[in-house]
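# Summary of the model geometry
One-letter residues, chain by chain:
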Amino acid sequence: MTPLAKSFLTSPRIFSACLRLHSSLSSEMIENMDKKATWDRFYAENSRKTFKNFEWFFGFETVQNFIMPVLQTMASPDARLQVLDMGCGTSALGPSVYQRCPVPVRVTCGDISPVAVRLMQEHVRAKAVQPGNCSSQLDFVELDCTQLHKHFGPTSVDLIVDKGTTDALLKSEEGKRSAGLVLKQCLKVLRHSGSLLQFSDEDPDARLVWLETKARSARVAVQEVGECRGVCYYCYQVTPPSHNCATLTDM
Ligand SMILES: C[S@@+](CC[C@H](N)C(=O)[O-])C[C@H]1O[C@@H](n2cnc3c(N)ncnc32)[C@H](O)[C@@H]1O
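Since the model is a prediction, treat every value here as computed from it, not as a measurement. (Residues numbered from 1 in each chain as written. Predicted model: local features only at pLDDT ≥ 70, side-chain atom pairs only at ≥ 80, totals over all residues.)

## Regarding the overall build of the protein chain
- Counting its regular elements, the protein chain contains nine helices and seven strands.
- For the protein chain, buried positions account for 40% of its 251 residues.
- Pairs at least 24 residues apart make up 74% of the contacts formed inside the protein chain by residues separated by at least 6 positions. (Helix = DSSP H or I, 4+ residues; strand = E, 2+ residues; numbered from the N terminus. Buried ≥ 20, exposed ≤ 12 C-beta atoms within 10 Å, placed from the backbone. Contact = placed C-beta atoms within 7 Å.)

## A word on the nonpolar core
- The biggest cluster of nonpolar side chains holds 63 residues, and the ones touching the most others in it are Val97, Ile160 and Cys186.
- Of all the elements, helix H8 (residues 176-189) adds the most residues to this core, at six residues.
- For valine 97, the contacting residues outside a window of four places in its chain are Ile67, Val83, Val105 and Val107. (Core = buried A, V, L, I, M, F, W, Y, C linked by C-beta atoms within 7 Å.)

## Let's talk about the site of the ligand
- Taken together, 21 residues sit near the ligand, with Trp39, Trp56, Gly87, Gly89 and Gly164 positioned nearest.
- Within the shell around the ligand, the residues separate by chemical class into nine nonpolar, seven polar and five charged. (Near = placed C-beta within 6 Å. Nonpolar A, V, L, I, M, F, W, Y, C, P; charged D, E, K, R; others polar.)

## Observations concerning unusual backbone geometry
- A positive phi angle is found at alanine 128, which is not glycine, with a value near 45°.
- Relative to the assigned elements, alanine 128 resides in the loop between helix H6 (114-127) and strand S3 (137-142).
- With a phi angle near 50°, arginine 229 is a residue other than glycine that sits in the positive phi range.
- By secondary structure assignment, the location of arginine 229 is in the loop between strand S6 (219-228) and strand S7 (231-239).
- Classification of arginine 229 by C-beta neighbours within 10 Å gives exposed; the count is 10.

## So, helix H4 (residues 60-74)
- In a regular helix each residue adds 1.5 Å, so 15 residues correspond to 21 Å; H4 covers 20 Å between its end C-alpha atoms and thus fits that length.
- Phenylalanine 66 marks where H4 bends most, by close to 35°; the proline proline 69 follows one to four residues later.
- Among the residues of H4, Phe60, Val63, Ile67, Val70 and Met74 are the ones counted as buried.
- Elements in contact with the buried residues of H4: strand S1 (81-86), helix H5 (93-100), strand S4 (157-163), strand S5 (190-200) and S6. (Expected span 1.5 Å × (residues − 1). Bend = angle between axes of the 7 residues up to and from the residue.)

## Concerning the pairing of S4
- A large share of S4 lies buried, amounting to seven of its seven residues.
- The sheet contact formed by S4 and S5 spans six bridges and is parallel. Paired with aspartate 162 across the bridge in S5 is glutamine 198. (Pairing = 2+ DSSP bridges.)

## Digging into the pairing of S1
- For S1, the tally of buried residues reaches six of six residues, placing the bulk of the element in the interior.
- Of the strand pairs in this sheet, S1 and strand S2 (residues 105-111) are connected by six bridges, and their pairing is parallel. Residue pairing across strands places glutamine 82 opposite arginine 106, the latter belonging to S2.
- The parallel pair S1 and S2 is bridged by H5, and the resulting crossover is right-handed.
- By the bridge criterion, three bridges tie S1 to S4 in an arrangement that is parallel. When the bridges of S4 are listed, aspartate 85 appears paired with valine 161. (Right-handed = clockwise from strand over helix to strand, strands pointing away.)

## Considering the confidence of the model for the protein chain
- When pLDDT is averaged across the protein chain, the result is 87; 85% of the residues are at 70 or more.
- Below a pLDDT of 50 lies the segment residues 1-24, which in the model reaches 28 contacts outside its immediate sequence neighbourhood of four places, other chains included.
- Here residues 243-247 scores under 50 on pLDDT; set against residues more than four positions off or in separate chains, the count is 13 contacts. (pLDDT = per-residue confidence, 0-100.)

## Some remarks on the sheet that holds S5
- Taken together, seven strands build an open sheet; the order of strands is S3-S2-S1-S4-S5-S7-S6 and the sheet is mixed. Both edges of this open sheet fall to S3 and S6, since each of them pairs with a single strand only. Looking at each pair of strands side by side, their axes are set apart by 15° on average, direction ignored.
- Helix-sheet contacts for H4 involve S1, S4, S5, S6 and S7, and the interaxial angle to S5 is about 175°.
- Relative to S2, H5 is tilted by about 175°, and along the sheet it contacts S1, S2, S3 and S4. (Axes fitted to C-alpha atoms, helices over the stretch in contact; angles between N-to-C directions.)

Next comes the structure, spelled out in structure tokens:
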């Protein structure tokens, strides 16, 4: 079985786990995960109950050891690090970075779904989430990650975290082109010392080839994150060309 086929076969398992609470959405989602309307509906269904962060897979506790060391290598005394949680949904990841990072960060949680953005804004306001550094900032923004240049200047972002967003695009038929655009946009807005971390269930045999083809001059490294319901997850680190920051393989 090819790695790509394997990755498609694992998808329904993930979706059935994620969508147990959202059974009416499952078939629509699998085919339309690149569409804003699909996600609006998904998060609107979620919001009918008392708010609870929804994690597509693994929460911050599992991925923090991949994120925090990278931020620490970038920290400088006089600059606030720019962090983007790209396709944040209603995940607690972005707010957790804001709460736990001891160095000043500006965390932007961006999603194409205004429903998810509003839910997170309301939740964070109600919970009065406190920063790990008094200079840190947390924002929720409706954005399309195929057009990051509309929100961020060139070489202005230190770290982009993508937990399941590129996966969602790659797994929908029409989203594949968008996934390539997103990668290019990330490389455009990342600082030379910056990194993109993609958390994904896609096998390295498939994802590394895709990343290396789409981002030719960038450096790509991979590390296993762990297993969830029998599916193995990975962290792919993409760094713009010619930069000396620590990579996952160096750590
Ligand atoms: C698989 S979910 C992951 C959500 C969250 N990162 C998590 O781990 O739970 C993918 C997310 O990407 C968002 N998304 C899809 N296409 C997008 C786009 N073009 N721009 C920004 N966000 C997008 C969806 O609204 C959804 O919240």
